[in-house]
Structures are given as C-alpha cells and as structure tokens.
Amino acid sequence: MKLLELVPRNAIVAELAAADRNGAIRELVETLAAASVIPAAEVETIAKSIITRERTRGTTGFGKGVAAPHAKIAGLHRAAAAVGRSSRGIDFSSLDGEPVFAVFLLISPEEQPEV
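Remember, it's a predicted structure, so these values are computed and weren't measured experimentally.

Cut-offs and rules
- Residues numbered from 1 in each chain as written.
- Predicted model: local features only at pLDDT ≥ 70, side-chain atom pairs only at ≥ 80, totals over all residues.
- Heavy atoms only, no water.
- Core = buried A, V, L, I, M, F, W, Y, C linked by side-chain atoms within 4.5 Å.
- Buried < 20%, exposed > 50% of the residue type's maximum accessible area, 1.4 Å probe, protein only.
- Helix = DSSP H or I, 4+ residues; strand = E, 2+ residues; numbered from the N terminus.
- Salt bridge = Lys/Arg side-chain N within 4 Å of Asp/Glu carboxyl O.

A. Here's a closer look at the nonpolar core. One finds V29, L32, I38, I50, L105 and I107 to be the most contacted residues of the largest nonpolar core, which totals 30 residues. The set of elements that each furnish at least two residues to this core consists of α2 (21-34), α3 (43-57), β4 (70-73), β5 (80-90) and β6 (100-109). With 6 residues, the top contributor of residues to this core is α2. Counting residues in each nonpolar core, the second largest holds 5 residues, with L6, V7, A79 and V83 among its members.

Here you go:
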C-alpha cells in the first residue's frame, strides 16, 4: 500500500483547531469523513472507539512530539489514516511527558489483524 492510498490528501490538517487529545482525535476522524473514507454518521462512534483505546490501553503519545492514536473498526473495508499538526502542542499524556505536535491517526478493519 502506498502512503497516498492510506492518507487521502484532504485528510491532512496543517493546523489542528483542537487544543486537547479528544478534540484532536475527533477532528482527524471528521477529516476522514470529509474525505469520504468513512460515513459521516460513524464519526462519533469511531472517535469514541479511539478515545476509549487511549484511556484503557495506554497513551499513543510515544514521545518526541508524536502520537499515533489508532483502533480496529468493525465493518471498515480498508485501513486509512489522517495526519494533523499542532503548533501549540497537545497533551497526550506522552511517555516523555512532552506535548504532541504531530498526530498520525490510523484506523484499520477489525477483521484484518495484520493491518
């Protein structure tokens, strides 16, 4: 799979409006809906799934200003990603305790564990 197949051009946010982790996740999921990768009606469900994963399985803020929130989504047909940047920084409870400036959100089909 090529990067442009994974990240649609219009799923790249040059400056996230969100100031917190949950808002950034929702904003990036919304860009996937706007890019017609997921149905708009699924935005809240998918965002909640990713946020729940962050709370229950640990942060995806792995340090050096980067976070990679992700989740397996039932019924999804292919993996997709959205990318966002925050010049202010977002608290993701990162492992190094530093704010996150680049967020790489990934969703993949629940039925394809290798993705």
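Read on, since the account is not over.
B. A look at the pattern of salt bridges. Enumeration over the complete set of coordinates arrives at 3 salt bridges. Of the charged contacts, one joins E15 and R88 as a salt bridge, the two residues approaching to 3.9 Å between their closest N and O atoms. Here the residue E15 occupies a position in the loop between β1 (12-13) and α2, and R88 occupies one in strand β5, the gap between them amounting to 73 residues. On the basis of relative accessible area, E15 is assigned to the partly exposed category, the value being 33%. Given a relative accessible area of 49%, R88 falls into the partly exposed group. For the salt bridge of R26 with E44, the shortest nitrogen-to-oxygen distance reads 2.9 Å. Pair noted here: R26 is in helix α2 and E44 is in helix α3, with a separation of 18 residues, a long-range link. Salt bridges sharing common partners tie together E15, R85 and R88.

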